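# Secondary and tertiary structure notes
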Amino acid sequence: MNRPVLALCLLLPLLATAQTQTAPSANEPHGPPPRFAHKSSVALLLEHSQDLALTSAQVSELERIEATLTEQSAPLKQSLESLRPPRGERRPTPGQAPTEEMHARREQAHGLMKQLHDADTAAYQQAEALLSDAQKMTARELIAEEQQAHEQRRREMHQRMGGQPRER
């Protein structure tokens, strides 16, 4: 087989899977992923199934809990996404008060995020009931690490946006 044909055979799979970069349309999600995009506590446990030494029965039950949580959270996440400001809407500059509409959207988003957090907490409590004491300790450490990492990402995002990080 000659070289050009061989090279073409090797490049075809790469070309077939390559994606072109296009400008996002007005209907596509934009900007960084929303804050609610972080993984659930149960998904984190599944991700660390080997570290936790989960049995296959535990994994199956955690997958069921995660699927239920995903199903319950979907409408909340959709509502949150619909609250995102339209592309091009200017944020208030530091010292400038947000408009009433922006304030109302923030309040509504805060309530939806609380519901997402509460659903995640309830799912984690279900999941933790399946774990041994040793697994619970490891799981709590993993959750604490993830929360710290999430908080660090939030602070960094706030700094990139030019704002002062708010205390929670």
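Above this text you will find the structure in question.
The sections below set out a description of the structure shown in this document. (Residues numbered from 1 in each chain as written. Predicted model: local features only at pLDDT ≥ 70, side-chain atom pairs only at ≥ 80, totals over all residues. Heavy atoms only, no water.)

### Structural notes on the packing of helix 4 (residues 56-83) against helix 5 (residues 100-128)
Between helix 4 and helix 5, the least distance of the axes is 10 Å, while the angle of their chain directions is 180 degrees. Put simply, helix 4 runs roughly antiparallel to helix 5. Seen from helix 4, the contacting residues are L62, R64, I65, L69, S73, L76, K77, S79, L80 and L83; seen from helix 5, they are R105, Q108, A109, L112, M113, Q115, L116, A119, D120, A123, Q126 and A127. Across the contact of helix 4 with helix 5, the residue classes tally to 13 nonpolar, five polar and four charged. (Axes fitted to C-alpha atoms, helices over the stretch in contact; angles between N-to-C directions. Helix = DSSP H or I, 4+ residues; strand = E, 2+ residues; numbered from the N terminus. Parallel < 35°, antiparallel > 145°, perpendicular 65-115°, else oblique. Contact = heavy atoms within 4.5 Å. Nonpolar A, V, L, I, M, F, W, Y, C, P; charged D, E, K, R; others polar.)

### Some words on helix 6 (residues 133-160)
Its 28 residues place the ends of helix 6 41 Å apart at the C-alpha level, agreeing with the 40 Å of an ideal helix rising 1.5 Å per residue. Against the buried residues of helix 6 lie helix 2 (41-47), helix 3 (49-52), helix 4 and helix 5. (Expected span 1.5 Å × (residues − 1).)

### Describing the nonpolar core
Formed by 17 residues in total, the largest nonpolar core has its most connected members in V42, L45, L52, L62, A127 and A139. Mapped onto this core, the elements with two or more residues apiece are helix 2, helix 4, helix 5 and helix 6. If near-sequence neighbours (up to four positions away) are discounted, L62 is found in contact with V42, L45, L46, L54, A127 and L130. One finds L76, L83, A109 and L116 within the second-largest nonpolar core, a separate group that totals six residues. (Core = buried A, V, L, I, M, F, W, Y, C linked by side-chain atoms within 4.5 Å. Buried < 20%, exposed > 50% of the residue type's maximum accessible area, 1.4 Å probe, protein only.)

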